[in-house]
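# Structural description and commentary
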Amino acid sequence: MPDPVGKLPSELDQLPDRDAEETAEWAASLDAVTEHAGPHRAAYLMRRTLHHAGTAGVPVPALLETDYVNTIPTASEPAFDGDEAMESRITAWNRWNAAAMVTRGARFGVGGHIATFASAAWLYETGFNHFFRGKESQDSPGSGDQLYIQGHASPGIYARAFLDGRLTESDLDNFRQEAGGKGLPSYPHPRRLPWLWEFPTVSMGLGPLSAIYQARFNRYLTNRGIKDTSASHVWAFLGDGEMDEPESTAALALASREQLDNLTFVINCNLQRLDGPVRANFKIVQELEAQFRGAGWNVIKSLWGSAWDELFALDTTGALVRRLRQVPDAQFQTYATRDVAYIREHFFGVDPALIALAELLPDTKIAECFYTSRGGHEARKVYAAYRAALAHKGAPTVILAQTVKGYTLGSGFESRNANHQMKKLSGDQFRAMRDLLDLPIPDAKLDDSLVPYGHPGADSPEVRYLQERRAELGGPAPARRVHAVALPEPSDKPFQAVHKGSGKQSVATTMAFVRLMKDLMRDKETGRRWVPIVPDEARTFGMEALFPSAGIYSPLGQTYDPVDRDQIMYYKEAKDGQILNEGITEAGSMADFIAAATSYATHGETMIPFYIFYSMFGWQRTGDQMWQLADQLGKGFIVGATAGRTTLTGEGLQHADGHSHLIASTNPAALNYDPAFAYEIAVIVKEGLRRMYGEPLPGEDQNVFYYLTVYNEPMPQPAMPEGVEEGIIKGLYRFKEGTPAAADAPRTQLLASGTAIHWALEAQELLAADWGVTADVWSATSWGELRRDAMEADEALLRGEERVPYVTRALSGAPGPVLAVSDWMRQVPDQISQWVEQDYTSLGTDGFGLSDTREAARRHFGVDARSIVVAALAQLARRGEVKPERVVEARERYGL
C-alpha cells in the first residue's frame, strides 16, 4: 500500500509485505519512542537495531555516517605490544630532530615543513615499531610492506633514519641541498635517494591512487604465479586536505570491488589544508567517512584521546556527542587556540545539559581535551586502529585519525592557519618544546644560534629498542632494494618476422606493434613478464586477439557466460589473466603501469609493462604521473596509438594529437620515438629491452622508459634495409636517396617522422617528375633523441671534449636545404634545427585539430605531399637554385 496522503512514495511500496499488521506495529513503536523519549533516543534505537542486524548476518544497508566518536571504544582496545614509555622517548627525539633539521636549513633559505610530521608522528612511529614489514621479512621476503609516506612529513622520516644510524648529522644538514649529490630531497624522491624512498608521493592525489593500484598489482603478481605477495600490505599516509584532489578518491570503488584487504589508508585529519581549514563550515571526517563507506571501505575513526573518556562517561543524554557533530571544523580549530572560558561559553554554553556537564570539569581537563587530546596523538589508539585494519577481511580499510597540526611545537604553531608556511622555531620555542618532550638537552646548547641535533647514543636503550623492533619486522623501513638480474634476451624470431615487411598487405603501425607484442608474449623465457595495459579500447588497437590467449585479469575470474563466447576472439576474463583492461581511466592505467614498471625494486620481480592508449589522452591527461614514473625509476613501453593530428579521421579537436611528443620531450627519463615503419618499431623495442632489462653498457642509465607513437593508417610495410639499426636508435637515417634528374639538378633533403614519411615519399616523386628537383628522404625516428644527443655533445665541448652531434654528422655533406615534416607541431622537428648546418625549415600541424578526411586535414595544415613540394621549391628559390615563378606555378597547379 502507498504511504498516506502527504508523504512521499517509498521504493518499499513495490515490494511484497507478508505481514502489513506487523509492519504497522514496528512503525507505531518507533512513533511512541519518538514521542515519549525524543527523536535522539529513537534514532539511537534504530542504529542499534541496524548494527545488531549487521552482526547477525541480516542483509541491510549500512549507514554512511556514524557519530563523531571513536570506532573502537577504549575498553575494547587490545593490549599494547610494546614499551609505551620507550616509544614516547623515541618519538620525542624524532620530533626534535625533524624540527631542528628544517630550522637549521632555514638559514640557507631552502625551506621545509614542520607542522605535518608534528601532527602525524605517532601515526608513523606506531607503524614502524609494530606493523611495517621490511624487505627481509620472513613472511614477505624481498617485498615487505609498501609505504606511501605523506610528502610533507619527510623530515620526520629522516629524523628516524638519523636515530637508527642510517643518516648522519651531515646528511641532515644537507636537507634540500642536492646540487652536490649528497643532499636529502625535500620529499620522497626515489631518483634522488634511491636506497631509502620507494614511492614519490608529494604530487597530491597520486599517492592514494598509486597505493590502490599497487595493492591491486600485488594481487596480480600472486594470482599469475609470478610471486606470492599475500603477506605484503600497502600503507598510504595521506592528509585530509589532499583528499580534495580527484585522484585521491578516483579508484576507491576498484579497491572495494576487488576486496583489497591488503590496503590501508591512514588519513591524518588535522583539519587544515596548506592555507586554512579543510572544511571550514563542515566536518571533513564525516564527509570522508560517508565517501569511503559508500565506496565499500571499512572505516575506522580514531578521533579522541583518552582524556575524553571522562567527558563521554558523563554524557548521559547524548548532548556532548550531538554537539561534537554540530561544530564545524574551523570552529573546533578555534577552540584549540582560545582560553577555557571561551570554550565553556561557546561550546558548552549552548545546551543546558552541556552546561551541567561542564560544571563537573576542571579547567585543566577542558584544556587537555580541546587543546591536545586526539586519537592520532596516542600510541594505544593508533595501535588499536592498525590492529583492527589488519584483522578486517574482504575490504580495504581507511583510518581517519584526528590530530592537531603543529602538535608539540608550541602555541605559535598548533592549529594556526599559517603553520604550513612556518619554517623555523625560535630559541624560546625550542626550549618549550624540549621541556614538553622532556629531552636531556641543556640550556647551554640552546644559547647558540644554531639549534643542535639530539641523539641518545648509538648504544642507548632507545636506539637498541628501535633497531630490535625493526629487526623483528624484517629490517629498516622505508627502504628500496634493487637486485639487478638481467632478463634473458627474447627469441629473435618475432623481430625477424617484422623485418620482412608486410608485402602487398597494408598494415597500420599500431597493428604492427600489437602483433609484435603478441609474439613476444609467447616467448618461453620472458613472455609471462609482459604486462599489457589498456584503458578500455583494446579493440580499437587490435588487441582483441590477445583476449583468448592471454586473458583479461580479474581476481574473480569469469563468473558469467560472455555474449561473444562462440567467437574466436571472445572476451575472456581469468584470475591469472595477463591483460590489465582498466576501463575508461588513463590515470588508473598509468598507476598500473607504474606498479608494474617498478616491480623490479618493489618485489624483486622484473616485469615489462606496455601501456597503449589514444595518444591525445596520455601525456596531456596524465603527464604528472609520467613524472612520477620517472621519479620512481620505472621502466617499460608507453605507446601513444592513433597518433598525429591528421590520422584519426572524424574525431576532431579533442582527439587530434599534435603535441604529445613536445610534452614528452620535457621528461628526462622518457626516450621518445615516432617510427614510420613496422621494422623501426621492432628495432626500437628490441633496443629498449636490452637497455632497460639487459646488461647495461658503461655509463648507461637503465632507469628510463620509452614513448612510441604509432598510427592507425594502414600502409604497406617495407622490409628493413641493411645497416639502418644505428640510425633508427639514434633518431635519423636516409631511407630513400633520390635519383638525380640531371647532373646539375637542384637537391633537397626531406626529413619525416611517423606517417609523414609517406607524404615525403610522394613529394619526392612529384619534385623529380614535375620540377626536376632531386630529394633524399630521411626517416627521423626520434626528434627528441637527436636533440638529447646534440645537447650532450654541447656539454662535452664545454668540458674540452671534441664531439659532433649525431644529427650533424648524419646530414654532413647532404646537398641542398633541409625540410622537416611531421604530423606534429613544428616545434617538435624544430628541436634539432640549431645543430643542422644546412638551411632548415619545417612543416607541421600547428593549431587545433579538426574532423575531416585525412587528405583534407593534411591539405588544411599544409603538410600533404603537394604542400611539401611547394615548401621545398620555396626553400630552393630563396637560395637562387630555382626561379621564384616556379613556386607560384606549383602553388597554382596544386591548388594551394
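Placed above this text is the structure.
Residues numbered from 1 in each chain as written. Predicted model: local features only at pLDDT ≥ 70, side-chain atom pairs only at ≥ 80, totals over all residues. Heavy atoms only, no water.

Moving on, we come to the sheet that holds strand β16 (residues 733–736). Strands sit in the order β16-β18-β17-β19-β20 across an open sheet of five strands; the sheet is mixed. Either end of the sheet is taken by a strand with one partner, and the two such strands are β16 and β20 (840–843). Each strand axis lies, on average, 30° off the axis of its neighbour in the sheet, ignoring direction. Direction of pairing for β16 relative to strand β18 (residues 774–779): antiparallel, over a ladder of three bridges. (Pairing = 2+ DSSP bridges. Helix = DSSP H or I, 4+ residues; strand = E, 2+ residues; numbered from the N terminus. Axes fitted to C-alpha atoms, helices over the stretch in contact; angles between N-to-C directions.)

We now examine the nonpolar core. Ranked by size, the top nonpolar core spans 85 residues in total, and within it Phe513, Phe637 and Val685 carry the most contacts. Sorting elements by how many residues they give to this core places helix α28 (residues 678–693) first, with ten residues. Sequence-distant contacts of Phe637, defined by excluding residues within four places in its chain, comprise Trp530, Phe593, Ile608, Pro609, Phe610, Tyr611, Val685, Gly688, Leu689, Met692, Tyr706 and Leu708. By size, the runner-up hydrophobic cluster in this structure holds 67 residues, among which are Ala118, Phe162, Leu425 and Val451. (Core = buried A, V, L, I, M, F, W, Y, C linked by side-chain atoms within 4.5 Å. Buried < 20%, exposed > 50% of the residue type's maximum accessible area, 1.4 Å probe, protein only. Contact = heavy atoms within 4.5 Å.)

This brings us to the pairing of β18. Looking along a regular strand, one sees side chains alternate from face to face of the sheet. Of all six residues making up β18, six are buried, and the element is well covered by its neighbours. Side chains Thr774, Asp776 and Trp778 of β18 all project onto a buried face; the interleaved residues Ala775, Val777 and Ser779 project onto the opposite face, where all are buried too. Note: strand β17 (residues 747–752) against β18, six bridges, orientation parallel. Following the sheet pairing, Gln749 is matched in β18 by Asp776.

Right, let's talk about the sheet that holds strand β3 (residues 263–269) for a bit. Read from one edge to the other, the open sheet built from five strands follows the order β1-β2-β3-β5-β4, with strand pairing classed as parallel. The strands lining the two open edges of the sheet, one partner per strand, are β1 (146–148) and β4 (298–302). Taking each pair of neighbouring strands and ignoring which way they run, the sheet shows an average axis angle of 15°. The sheet contact formed by strand β2 (residues 234–239) and β3 spans six bridges and is parallel. Directly across from Leu238, in β3, lies its bridge partner Ile267. Set on the sheet, helix α10 (residues 284–294) makes contact with β3, β4 and β5 (397–402); between it and β4 the angle comes to about 160°.

A separate point is empty space enclosed by the protein. This model, assessed by the stated rule, comprises ten cavities of 30 Å³ or more. Approximately 110 Å³ is the volume attributed to the largest cavity. Contributing to the lining of the largest cavity are 14 residues, with Asp145, Leu147, Glu198, Pro478 and Ala479 lying nearest its centre. (1 Å grid on protein atoms, 1.4 Å probe; cavity = no way out; pocket = protein on both sides within 12 Å on 5 of 7 lines; lining within 4 Å. Points joined across faces, edges and corners; volume = space filled by probe spheres on them.)

Moving on: the pairing of strand β7 (residues 530–534). Most of β7 sits out of view: five of its five residues are buried. Going residue by residue along β7, you find Trp530, Pro532 and Val534 tucked away on one face and Val531 and Ile533 tucked away on the opposite face as well. As defined by bridge partners, β7 adjoins strand β11 (residues 608–614) across four bridges and the pair is classed as parallel. If you follow Val531 over to β11, its bridge partner there is Pro609. Here β7 pairs with strand β10 (residues 580–581) via two bridges, running parallel. From the neighbouring strand, Ile533 faces β10, where its bridge partner is Leu580.

A surface patch of negative charge is lined by Asp17, Asp19, Glu21, Glu22 and Glu25. According to the relative accessible area criterion, Asp17 is partly exposed, its value standing at 44%. (Patch = residues over 30% accessible without salt bridge, like charges linked within 9 Å, V, L, I, M, F, W, Y side chains within 5 Å. Areas by Shrake-Rupley, 256 points an atom, 1.4 Å probe, with all protein chains shown as cover. Salt bridge = Lys/Arg side-chain N within 4 Å of Asp/Glu carboxyl O. Lys, Arg positive; Asp, Glu negative; His and termini not counted. Charge placed at Lys NZ, Arg CZ, Asp CG, Glu CD.)

A word on the packing of aromatic side chains. Counted according to the given criterion, the structure contains 47 aromatic pairs. Relative to Tyr706, the ring of Phe637 lies with its centre 5.7 Å away and its plane at 45°, an arrangement referred to as tilted. Of this pair, Phe637 sits in strand β12 (residues 637–641) while Tyr706 sits in strand β14 (residues 705–709), and the two are 69 residues apart along the sequence. Owing to a relative accessible area of 0%, Phe637 belongs among the buried residues under this scheme. Owing to a relative accessible area of 1%, Tyr706 belongs among the buried residues under this scheme. Each member of the aromatic cluster is reached from another via a ring pair, and the members are Tyr68, Trp304, Trp308, Phe312, Phe332, Tyr335, Tyr342, Phe347, Phe348 and Phe370. Sitting over the face of the ring of Tyr68, Lys283 holds its NZ or CZ atom 4.0 Å from the ring centroid. The ring of Tyr600 is capped by Lys635, whose NZ or CZ atom sits 4.4 Å from the centre of that ring. (Phe/Tyr/Trp six-rings, centres within 6.5 Å; stacked < 30°, edge-to-face > 60°. Lys NZ or Arg CZ within 6 Å of the ring centre and 35° of its normal.)

What follows covers the pattern of salt bridges. Here the idea is simple: oppositely charged side chains can pair when their charged atoms come close. Under the criterion given, the structure shown has 51 salt bridges. A salt bridge links Glu258 to Arg216, with the shortest nitrogen-to-oxygen separation between them at 3.4 Å. Taken together, the residues Glu258 in the loop between α9 (252–257) and β3 and Arg216 in helix α7 (residues 206–223) connect sequence positions 42 residues apart. Overall, Arg216 belongs to the buried group, its relative accessible area being 4%.

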